[in-house]
Amino acid sequence: MPKVKRERQGAAQRKGQSSTQQAVRQSITFNKDFGQHILRNPMVVQSIVDKAAIKSSDVVMEIGPGTGNLTAKLLEKAKKVIAFEIDPRMVAELRKRFMGTPYMSKLEIIVGDCIKSEFPDFDVCVANMPYQISSPFVFKLLLHRKFRCAVLMFQKEFAERLYAKPGDKLYCRLSANTQLMARVAHVLKVGKNNFKPPPKVDSSVVRIEPMNPMPKINFVEWDGLTRILFTRKNKTLSAIFKSKTVIELLSKNYQIYCSLNEIMVADDFDIKAKIDEILTECAFNETRARTMSIDQFLKLLERFNANKIHFSS
Ligand SMILES: C[S@@+](CC[C@H](N)C(=O)[O-])C[C@H]1O[C@@H](n2cnc3c(N)ncnc32)[C@H](O)[C@@H]1O
């Protein structure tokens, strides 16, 4: 072994690090394209695992185990850990780290992109994942539904949008979509220096618990409504539903739904009058998306759909 490697190893041993951790430190160059920022603060690792409240009967799905700092703690608690890792070099490091330990039999590694792969059955999800996949991952996870909780690290600003409340500056479509399907709580802020190499941004950990039962709604309709409202989140609903583009879209769908139900085909005037009636009945004329609660969106959607006004054709 070259002299410099032996010396580094000696220093690491004095700091009480295991030989597997040292091997990892010496052999990997981190790939920015895969968002590889290794969590190196054991206290943060422990807080994440504690918040996940893992039972000994749980299957944990981990996204992006990297060199395995979180994985090691998850394996201590869970019945099984299924880890998605896109980078084969990291997979090799993981195998090196856990090979020959009692944990290896509890660890299943899926080599590939977690966004493009089907999720296995799991109870708890834990992830310090690359921030570029945050948004598609959250939606994939929420639509998967069948899990108890997820404890996830995100870029701080993304996390803040997940749990922002109506009226908060960061409240947006992401907040409403997420909170429709889950309870989201902030767990911990994590500064850049807790990672190696340090990212350019600060991070936050959130805990997500899917609603049980999930609201029984048509998500395409929900998405259509919230998309229209949040792209104009500072405008009153009354102004939004007077806009030519919005009325054109809704009239087209209205005609389709009316003819499906063998109702006489309506013109733009009919739909405008109906929308006016609904907004007045719900007292939403002066309401703006940026202050609307999930229940208010649901109420508006229900009233629109009950009157054959749809956001998808
Ligand atoms: C921020 S690092 C975290 C590593 C480790 N969990 C930790 O906390 O130290 C993100 C990890 O996710 C992996 N990764 C990136 N994109 C991925 C994807 N689409 N699917 C699965 N893993 C991915 C990277 O290779 C990297 O190991």
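Look up a bit, the structure's there.
Participant: Would you explain the site of the ligand in this entry?
Facilitator: Every one of the 24 residues lining the ligand counts as a neighbour, but Phe-34, Leu-39, Gly-64, Gly-66 and Asn-128 are closest to it. Contributions of two or more residues to the shell around the ligand are made by strand S1 (38-39), helix H4 (69-77) and strand S3 (80-85).

Participant: When you look at the nonpolar core in this model, what are you seeing that I'm missing?
Facilitator: Buried together is how nonpolar side chains tend to be arranged in soluble globular proteins. Val-124 and Val-126 are the most contacted members of the largest nonpolar core, which totals 51 residues. Counting residues per element, this core draws most heavily on strand S6 (residues 149-155), at 6 residues. For Val-126, the residues in contact, after removing those within four places along its chain, are Ile-48, Ala-52, Val-60, Glu-62, Leu-70, Leu-74 and Val-151. Ranked by size, the runner-up nonpolar core spans 21 residues in total, among them Trp-222, Tyr-254, Met-292 and Leu-300.

Participant: Which parts of the structure should I look at to understand the packing of helix H9 (residues 219-230) against helix H13 (residues 294-306)?
Facilitator: When two helices pack together, you describe them by how their axes are tilted relative to each other and by the distance separating the axes. With their axes 10 Å apart at the nearest point, H9 and H13 run at an angle of 110 degrees to one another. It follows that H9 is roughly perpendicular to H13 by the angle criterion. As for the relative orientation of H9 and H13, their crossing is right-handed in sense. Facing Glu-221, Trp-222, Leu-225 and Thr-226 of H9, the residues of H13 in contact are Phe-297, Leu-300, Leu-301 and Asn-305. A breakdown of the residues in the contact of H9 with H13 according to their chemical character gives 5 nonpolar, 2 polar and 1 charged.

Participant: Please clarify how the sheet that holds strand S7 (residues 182-190) should be interpreted in this entry.
Facilitator: Backbone-to-backbone hydrogen bonds join strands into a sheet, with any given pair of strands oriented parallel or antiparallel. If you trace the 7 strands from one edge of the open sheet to the other, you get S4-S3-S2-S5-S6-S9-S7, paired in mixed fashion. One side of each edge strand has no neighbouring strand; the edge strands of this open sheet are strand S4 (107-111) and S7. Averaged over all pairs of adjacent strands, the angle between strand axes in this sheet comes to 20 degrees, irrespective of strand direction. Bridge analysis of strand S2 (residues 59-63) against S3 gives 5 bridges, and the strand direction is parallel. Counted as the bridge partner of Val-59 is Lys-80 from S3. With respect to the sheet, helix H3 (residues 42-52) is in contact with strand S5 (124-128), S6, S7 and strand S9 (203-210), its orientation differing from that of S6 by roughly 145 degrees.

Participant: When you look at helix H6 (residues 134-144) in this model, what are you seeing that I'm missing?
Facilitator: The α-helix advances 3.6 residues per turn, and as a result positions three or four apart in sequence lie on the same side. Among the residues making up H6, those that are buried are Ser-134, Phe-137, Val-138, Leu-141 and Leu-142. Viewed end-on, H6 has its buried residues packed into an arc of 125 degrees, placing them on one side of the element. Away from its buried face by more than 90 degrees, H6 exposes Pro-136 and Leu-143. Looking at the residues trailing H6, positive phi occurs at Arg-145, about 65 degrees.

Participant: How do you make sense of the environment of Pro-88 when you look at a structure like this?
Facilitator: Counting through the fold element by element, Pro-88 comes out in helix H5 (residues 88-98). Classification of Pro-88 as exposed rests on a count of 10 C-beta atoms within 10 Å. Distance in space between the C-alpha atoms of Pro-88 and Gly-66 is 9.9 Å, their sequence separation being 22 residues.

Conventions adopted
- Residues numbered from 1 in each chain as written.
- Predicted model: local features only at pLDDT ≥ 70, side-chain atom pairs only at ≥ 80, totals over all residues.
- Near = placed C-beta within 6 Å.
- Helix = DSSP H or I, 4+ residues; strand = E, 2+ residues; numbered from the N terminus.
- Core = buried A, V, L, I, M, F, W, Y, C linked by C-beta atoms within 7 Å.
- Buried ≥ 20, exposed ≤ 12 C-beta atoms within 10 Å, placed from the backbone.
- Contact = placed C-beta atoms within 7 Å.
- Axes fitted to C-alpha atoms, helices over the stretch in contact; angles between N-to-C directions.
- Parallel < 35°, antiparallel > 145°, perpendicular 65-115°, else oblique.
- Left-handed = near helix turned anticlockwise from the far one by under 90°.
- Nonpolar A, V, L, I, M, F, W, Y, C, P; charged D, E, K, R; others polar.
- Pairing = 2+ DSSP bridges.
- Arc of directions from axis to C-beta.

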